[in-house]
Amino acid sequence: MSNQVIIKGKNDRLVIALNPKADFLELCDILKTKILEAKNFIGNSRMAIEFSGRKLTSEQEDILIGILTENSNIVISYIFTDKNEKTERKNKEKKSKERVTDLGKINSLIEEDKTHFYRGTLRSGAKIESDGSVVVIGDVNPSSIIRARGNVIVLGRLNGTVYAGLNGDDKAFVTAIYFNPIQLTIGMKTKTDIQKEILDSSRVNKKDKFRIARIKNQEIVVEELI
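Report follows, based on the coordinates. All values reported here derive from a predicted model rather than from experimental measurement.

1. Some remarks on the pairing of strand β3 (residues 46-52)
Here comes step 1: Counting buried positions over the seven residues of β3 gives six, a clear majority of the element.
Here comes step 2: Sheet topology note: the strand β2 (residues 13-18)/β3 ladder contains five bridges and is parallel. Within the sheet, the bridge partner assigned to Ile 16 lies in β3 and is Phe 51.

Pasting the structure below:
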């Protein structure tokens, strides 16, 4: 039983490894038991979940998610599937290019092997930290935080807090399709007077262009990405 379902932490996610040969209903029972045993240890947490070890249908994935949410205090912010990481990264980059052709203007600045790609909405209270750059293919909600040593690129609505160029890199930049961070820090400079209202699909200017923030003359300047 102990080897049928293995639960372990990995960086920013909880990994649930499933025996590929076991009966699915048996796995569900084992997962429920293990999650209940670990409920107090996990506590009230917001985290990403990764299912690995076997291919799951959408229905099976929904059942497992239901078991997790009904038998613990976990708030699931994102679901990872068991895919080859290199293929997944390439697919995310391809989708970002299809979604916004303007990304080609900054594509040459992205070093893929040092870039963390995140697909989906970064929920309120969630956090991404990276030793390189961060590309979010989706929205960044209020109260969420991105911390990166490199650049931050958001292919959606940026409503959260962003730290770019950690360790004092004043050459880093932050860019988004709909640029509206609560707080923005690049290198050692911070700007807090950007957000006027939270941007959602009913408020954004559909004709708006990529905006980019970078340090010029010792100040953070926000302008259209030309």
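2. Here's the deal with the sheet that holds strand β13 (residues 189-191)
Here comes step 1: Sheet architecture is open: five strands sit in the order β6-β8-β10-β12-β13, paired in mixed fashion. The sheet is open, and its two borders are formed by β6 (127-130) and β13, each paired with just one other strand. Averaged over all pairs of adjacent strands, the angle between their axes in this sheet comes to 5°, without regard to strand direction.
Here comes step 2: Taken together, the four bridges between β6 and strand β8 (residues 145-148) define a ladder with parallel strand orientation. If you follow Glu 129 over to β8, its bridge partner there is Arg 147.

3. Structural notes on the pattern of salt bridges
Here comes step 1: Summed over all chains, the structure comprises six salt bridges.
Here comes step 2: Arg 211 serves as the salt-bridge partner of Glu 224, at 4.0 Å between the closest nitrogen and oxygen. With Glu 224 in strand β15 (residues 219-224) and Arg 211 in strand β14 (residues 211-216), this residue pair connects regions lying 13 residues apart in the sequence.
Here comes step 3: Accessibility expressed as a relative area gives 35% for Glu 224, which makes it partly exposed.
Here comes step 4: Here Arg 214 and Glu 223 are joined by a salt bridge, their closest N and O atoms 3.1 Å apart.
Here comes step 5: Judged by its relative accessible area of 31%, Arg 214 is partly exposed.

4. Side note on the packing of helix α1 (residues 24-37) against helix α3 (residues 58-70)
Here comes step 1: Here α1 crosses α3 at 20°, and the two axes come no closer than 9 Å. Relative to α3, the element α1 is oriented roughly parallel. With respect to the hand of their crossing, α1 and α3 are arranged in right-handed fashion. On α3, the residues that touch Phe 24, Cys 28, Leu 31, Lys 32 and Ile 35 of α1 are Gln 60, Ile 63, Leu 64, Ile 67 and Leu 68.
Here comes step 2: Its residues assigned to classes, the contact of α1 with α3 comprises eight nonpolar, one polar and one charged.

Criteria and cut-off values
- Residues numbered from 1 in each chain as written.
- Predicted model: local features only at pLDDT ≥ 70, side-chain atom pairs only at ≥ 80, totals over all residues.
- Heavy atoms only, no water.
- Buried < 20%, exposed > 50% of the residue type's maximum accessible area, 1.4 Å probe, protein only.
- Helix = DSSP H or I, 4+ residues; strand = E, 2+ residues; numbered from the N terminus.
- Pairing = 2+ DSSP bridges.
- Axes fitted to C-alpha atoms, helices over the stretch in contact; angles between N-to-C directions.
- Salt bridge = Lys/Arg side-chain N within 4 Å of Asp/Glu carboxyl O.
- Parallel < 35°, antiparallel > 145°, perpendicular 65-115°, else oblique.
- Left-handed = near helix turned anticlockwise from the far one by under 90°.
- Contact = heavy atoms within 4.5 Å.
- Nonpolar A, V, L, I, M, F, W, Y, C, P; charged D, E, K, R; others polar.

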